[in-house]
Protein chains: 2
Amino acid sequence: MLLSRNRRRIHLNAFDMACVGHQSPGLWRHPDDQAHRYTDLAYWTDLARLLDRGGFDSLFIADVLGVYDVYQGSRDAAVRQGAQIPLSDPLPAVSAMAAVTERLGFGITVSLTYEQPYKLARTLTTLDHLTKGRIAWNVVTSYLESAARNLGLGEQVAHDDRYEVAEEFLEVCYKLWEYSWDDDAVVRDRERGIYTDPGRIRDIAHKGRHFTVPGVFLSEPSPQRTPVIFQAGASPRGRAFAARHGEGVFINAVSPQATRRVVDDIRAKAAAEGRDPYSVKIFILLTAITAPTDEEARAKYDDLISYASYEGALALYGGWSGLDLSELAPDQPLEYVDTDAVRSALAIFSTADPTRRWTPDQVARYLGIGGIGPVVVGSPATVADELERWVEEADIDGFNLAYATTPGTFADFVDLVVPELRSRGRIPAPSGGATLRERLHGAAGGPRVREDHPAARHRELAIRERESAGTHQLS
Amino acid sequence: MLLSRNRRRIHLNAFDMACVGHQSPGLWRHPDDQAHRYTDLAYWTDLARLLDRGGFDSLFIADVLGVYDVYQGSRDAAVRQGAQIPLSDPLPAVSAMAAVTERLGFGITVSLTYEQPYKLARTLTTLDHLTKGRIAWNVVTSYLESAARNLGLGEQVAHDDRYEVAEEFLEVCYKLWEYSWDDDAVVRDRERGIYTDPGRIRDIAHKGRHFTVPGVFLSEPSPQRTPVIFQAGASPRGRAFAARHGEGVFINAVSPQATRRVVDDIRAKAAAEGRDPYSVKIFILLTAITAPTDEEARAKYDDLISYASYEGALALYGGWSGLDLSELAPDQPLEYVDTDAVRSALAIFSTADPTRRWTPDQVARYLGIGGIGPVVVGSPATVADELERWVEEADIDGFNLAYATTPGTFADFVDLVVPELRSRGRIPAPSGGATLRERLHGAAGGPRVREDHPAARHRELAIRERESAGTHQLS
């Protein structure tokens, strides 16, 4: 196992969001930052071209459906700092980016909490068709109460186990994607006048606790059928879900050692589900500030961090954690109140430095660039060394790279760090299949889900039913 | 009023759907037809370029969320003929088309029955940003029961008045689009570190019978704010809805005289709502088969109709009307059973020819190309004459042009009929504002909804509240 991990490929995602202050609120004030162009299609097509050229596997577009209103009990800080508001829908720009790129994948965040599987499955299949198999779905359940309030969720949904709903939602999608249409269902037989053979499509007949979907899928199979399944979030329940369904799993990390424990746990859980533990590609959030020399990179970092916003960082942290740090003075050490919620919300900081009694000032500075992820500052060689160290020590597969300024942070990485990683054999030249799944798992496995993924069960069921029906006559 | 209508501009929409058999099922067998390329982004970008060059105002993309399973009590005929199945989501291809066009609008069909206004409003605003104001929303409520079964609709929704839900849905959207953010809310003040002024955005505080949306809109205002509102459907309730909200209204028509009565009714109802009756642009579904001469056009039509599918046409008709014509022999005249449902379902045919006792054969042939709309066959001059006759006699504003083959039917129209219409002054050279609303209403009114549109009330309310708060200080 160790051998296979030596010099292993490093996978790269760019982490963006259709807003001005994604992980580094306040940086929109930096003269180089172009984040305010998020409403302009050219921002997205330029970014996609850059990432495609730079060997990135995919662009991961985050999303929320609410505002950050925990800090000071108000949304005002988030609004002033552009902290994920104003915010656009991540999905509509994808096809324009696909049209100008050859290989870049697109990881789109859609919360299933406000969707019906019958409809969302068709949207994702459509995107997978239009991109020729370059779509990943980042499966999330909502976390902002401000979203639930505006999207008509009644009490009963709040009390439901969100991951139980997610399990069933995915099961319905897998049936639509893998079971409903045979590979050869579309025959396009002009002579006999048969576009699709009715005997080669089937009702999914799903009747579960949360969803009833009796019918046939509306769309024909796309290159990947099931889009690559991304999952983000490292709660115990989230990890179990990731180990079961995740093909790309995104975790927050502060040290390789602590991350290694989470990674080992996810891989062990995946193995317990009967999956190859290395079929789960694990990414950490990280921001790289680079320049030709370490000194120049440090100067760049010092310049960037001077634009970070105290209230913007604590506004985001309030939404992520549920804790309102405005109740403390900036230099007042946090109390580690012994409740589950507070322990969980502060865990990242005690892990980062267990000896320090963190103050809101220190938290804000820590989060100011790149959010909860580590910030690596240095020359291309320094950054590449540090990325390799993370990969080896934490046993991860790649990075979800946030920006300080956009596209500047990404352009620096493409122009400086990517050549270094290529020369080290960490980013191979593209070869073989062009779908995102082939890029993550290798072309040998083809564009469809692996045999050991839970979606494959529904594909196998369709094959068995087809076989047991005998040699099928074109009806 | 008559003067203003003389030589008035003719507005053109292309009518397509992300499937192979939209209005002319069976024609996918024609050697020229490219409809099966609907899963390929290049099909859409090529089509968009063609229409943009050809002076079309917009591409109207239809949608359903179910299958046509009334005919023979089964979906099999629709499946065999590719009659709106397989089917993709109309929305994802739009940004790629916008990236390669300058002025073409995009009318996207989204059924509000399966959406939450808080989420859909953001999606449409995002598209309006990315297209720089070229989006129309075709507001539909679902009509296929096969959709409702798969999308988890309980009994209570079935019993609700769909148009009552639609009214409130639009009211919520208007509040989000027109009321929640001031034009100058985004200040992007780098010195003071204020991206958006919290005092210039406001909660919509909507609490209605069907939706509760207390919060602020997530997105900043797009060029048109409210997308151009399209509406299709000519039931009495649908007409009232169109007269109140519609800026582009799409109706089926068989004769200019009968259509004139519907048009007069819609314009009278719009006037009763306090709107300029000519601010409602009314389009009829129509298919034009053209060639350099009338003779060649007739030969082209004869060739095309030979590919039309009997069962495909009756499969679509079953879904539209709820009537299963498989119960009759192909040459057996329809019984005009005296129930409201049957009268309504057959009305189009009795209008088309009240003296004829229609048989399923005749119905299928009538619908075989271009669905319920008339088919005009002839040279560019003949077609232009006929379009002008419709405009004058029916007092309509333009056409929703269906295809027999795609892009062939559209390419013929652009290459042959558009130059003829341009030479007659019916399609002016582009000038002024580039948004779809300015294209429909003229640049003078700007990109936002007209004063007499119900959405404008919410804009005015925001202005009044801002004024009554006195000179607002940047907070």
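Residues numbered from 1 in each chain as written. Chains lettered and ligands numbered in written order. Predicted model: local features only at pLDDT ≥ 70, side-chain atom pairs only at ≥ 80, totals over all residues. Heavy atoms only, no water.

Draft legend 1. Examining the nonpolar core more closely. Membership of the largest hydrophobic core comes to 279 residues, with the highest contact counts inside it found for A:Trp44, A:Trp137, A:Phe413, B:Trp44, B:Trp137 and B:Phe413. Sequence-distant contacts of A:Trp44, that is, excluding residues within four places in its chain, are made with A:Asp16, A:Met17, A:Ala18, A:Tyr38, A:Leu59, A:Ile61, A:Ala93, A:Met97 and B:Leu130. (Core = buried A, V, L, I, M, F, W, Y, C linked by side-chain atoms within 4.5 Å. Buried < 20%, exposed > 50% of the residue type's maximum accessible area, 1.4 Å probe, protein only. Contact = heavy atoms within 4.5 Å.)

Draft legend 2. Structural view of the relation of the copies chain B and chain A. Of the two same-sequence chains, chain B is brought onto chain A (RMSD 0.0 Å, axial shift 0.0 Å) by a rotation of 180 degrees. The transformation just described matches what one would write down for a two-fold rotation axis. When C-alpha distances to the rotation axis are compared across chain B, the minimum falls at B:Ala96, with a value of 1.9 Å. Interface residue correspondence from chain B to chain A reaches 100%, placing this contact among same-surface, isologous pairings. (Least-squares fit on C-alpha atoms with pLDDT ≥ 70 in both.)

Draft legend 3. Broad picture of the pairing of strand β13 (residues 398-401) of chain A. Residues and elements named next belong to chain A. Sheet topology places strand β1 (residues 11-17) next to β13; four bridges connect them, and they run parallel. Residue pairing for β13: Asn13 is matched across the bridge by Asn400. Judged from the four bridges that link them, strand β11 (residues 281-290) and β13 form a sheet pairing that is parallel. For Leu286, the partnering residue across the bridge sits in β13 and is Leu401. (Pairing = 2+ DSSP bridges. Helix = DSSP H or I, 4+ residues; strand = E, 2+ residues; numbered from the N terminus.)

Draft legend 4. Representation of the interface of chain B and chain A within the structure. Residue-level contacts link 76 residues of chain B with 76 residues of chain A. Where chain B abuts chain A, roughly 6400 Å² becomes buried across the two surfaces, and 59% of that area is made up of carbon and sulfur atoms. Considering only the surface of chain B that becomes buried against chain A, B:Asn150, B:Arg190 and B:Tyr195 emerge as the three largest contributors, covering 11% of it. Connecting chain B to chain A are eight salt bridges. Between B:Arg75 and A:Asp203 there is a salt bridge, and its shortest N-O distance comes to 2.6 Å. Where chain B meets chain A, there are 41 residue pairs in polar contact (both at pLDDT 80 or more). Among the elements of the structure, α2 (41-53), α3 (76-81), α4 (94-99), α5 (117-130), α6 (145-150), β5 (186-189), β6 (194-196) and β8 (212-213) of chain B are those that each provide at least two residues to the side of chain B that touches chain A. In terms of residue count, the dominant contributor to the side of chain B that touches chain A is α5(B) (eight residues). Residue composition of the side of chain B that touches chain A, by class: 36 nonpolar, 20 polar and 20 charged. (Buried area = accessible area lost by both parts, 1.4 Å probe. Salt bridge = Lys/Arg side-chain N within 4 Å of Asp/Glu carboxyl O. Polar contact = N/O pair within 3.5 Å; in protein donor to acceptor, adjacent residues only side chain to side chain. Nonpolar A, V, L, I, M, F, W, Y, C, P; charged D, E, K, R; others polar.)

Draft legend 5. Highlighting the packing of aromatic side chains. Under the counting rule described, the total for this entry stands at 28 aromatic pairs over all chains. Ring geometry for A:Trp137 versus A:Phe169: centroids 5.9 Å apart, planes at 55 degrees, classification tilted. Note that A:Trp137 is positioned in strand β4 (residues 135-140) and A:Phe169 in helix α8 (residues 162-179), a separation of 32 residues in sequence. Given the relative accessible area of 0%, A:Trp137 is considered buried. Judged by centre distance (6.3 Å) and plane angle (80 degrees), the ring pair of B:Trp137 and B:Trp177 falls under edge-to-face. Of this pair, B:Trp137 sits in strand β4 (residues 135-140) while B:Trp177 sits in helix α8 (residues 162-179), placing them 40 residues apart in sequence. An aromatic cluster of three or more residues is present, and its members are A:Phe15, A:Phe60, A:Phe230, A:Phe250 and A:Phe283. The residue whose ring lies beneath A:Arg202 is A:Tyr179, and the NZ or CZ to ring-centre distance is 5.4 Å. (Phe/Tyr/Trp six-rings, centres within 6.5 Å; stacked < 30°, edge-to-face > 60°. Lys NZ or Arg CZ within 6 Å of the ring centre and 35° of its normal.)

Draft legend 6. Representation of the packing of α5(B) against α8(B). Residue and element names in this part refer to chain B. For the pair α5 and α8, interaxial distance at closest approach is 9 Å and the crossing angle is 55 degrees. Regarding the angle of α5 to α8, the classification is oblique. Crossing of α5 over α8 shows right-handed handedness. Across the interface between the two elements, Pro117, Tyr118, Leu120, Ala121, Leu124 and Thr125 of α5 pack against Phe169, Val172, Cys173, Leu176 and Trp177 of α8. Taken together, the residues that form the contact of α5 with α8 break down as ten nonpolar, one polar and no charged. (Axes fitted to C-alpha atoms, helices over the stretch in contact; angles between N-to-C directions. Parallel < 35°, antiparallel > 145°, perpendicular 65-115°, else oblique. Left-handed = near helix turned anticlockwise from the far one by under 90°.)

Draft legend 7. Structural detail: the pattern of salt bridges. Residues and elements named next belong to chain B. If you walk through the whole model with that rule in mind, you get 84 salt bridges over all chains. Across the salt bridge formed by Asp395 and Arg8, the nearest N and O atoms sit 3.0 Å from each other. Taken together, the residues span a long stretch of sequence, with Asp395 in the loop between α15 (380-394) and β13 (398-401) and Arg8 in the loop between α1 (2-5) and β1 (11-17) at a distance of 387 residues. Comparing Asp395 with Arg8 shows no difference in burial state: the two are buried. Residue Asp46 is joined to Arg37 by a salt bridge in which the shortest nitrogen-to-oxygen separation is 4.0 Å.

Draft legend 8. Structural context of the packing of α8(B) against helix α9 (residues 236-245) of chain B. Residues and elements named next belong to chain B. Contact geometry for α8 and α9: axes closest at 11 Å, N-to-C directions at 15 degrees. One element, α8, and the other, α9, form an angle in the roughly parallel class. Between α8 and α9 lies a crossing of right-handed hand. Of the residues in α9, those touching α8 at Tyr163, Glu164, Ala166, Glu167, Leu170 and Tyr174 are Arg237, Gly238, Phe241, Arg244 and His245. Here the residues of the contact of α8 with α9 are counted per class, giving five nonpolar, two polar and four charged.

Draft legend 9. Summary view of helix α14 (residues 360-368) of chain A. All names here are of chain A. All buried positions along α14 are accounted for by Pro360, Val363, Ala364, Leu367 and Gly368. Mapping the buried residues of α14 onto a view down its axis gives an arc of 135 degrees, with all of them on the same face. Just downstream of α14 lies Gly370, where phi reads positive at about 75 degrees. (Arc of directions from axis to C-beta.)

Draft legend 10. View of α8(B). If you check α8(B), its first and last C-alpha atoms are 25 Å apart, about what 18 residues at 1.5 Å a residue would give, namely 26 Å. Taking the backbone nitrogen of B:Tyr163 as reference, a side-chain oxygen 2.8 Å away marks B:Asp161 as the first, capping residue of α8(B). (Expected span 1.5 Å × (residues − 1).)

Draft legend 11. The arrangement of the side chain of B:Glu247 in detail. Residue and element names in this part refer to chain B. Relative to the helices and strands, Glu247 is located in the loop between α9 and β10 (248-251). For Glu247, a relative accessible area of 2% gives the class buried. Other than its neighbours up to four places away in sequence, Glu247 contacts Pro227, Val228, Ile229, Arg275, Ser279, Val280, Lys281, Arg437, His441, Val449 and His453.

Draft legend 12. Representation of the confidence of the model for chain A in the model. Residues and elements named next belong to chain A. Confidence along chain A averages 91 in pLDDT terms, with 91% of residues attaining 70 or more. Considering only residues more than four positions removed or in separate chains, one finds that residues 1-5, a stretch of pLDDT under 50, has six contacts. Scored as a complex, the prediction yields pTM 0.95 and ipTM 0.95. (pLDDT = per-residue confidence, 0-100.)

Draft legend 13. Representation of unusual backbone geometry. The peptide bond linking A:Ile85 to A:Pro86 adopts the cis configuration, its omega dihedral lying at 0 degrees. Look at B:Gln84: it is not a glycine, yet its phi comes out positive at around 65 degrees. With respect to the secondary-structure elements, B:Gln84 resides in the loop between α3 and α4. The buried category is assigned to B:Gln84, whose relative accessible area is 2%. You will see that B:Asp395, though not glycine, has its phi angle at about 60 degrees, which is positive.

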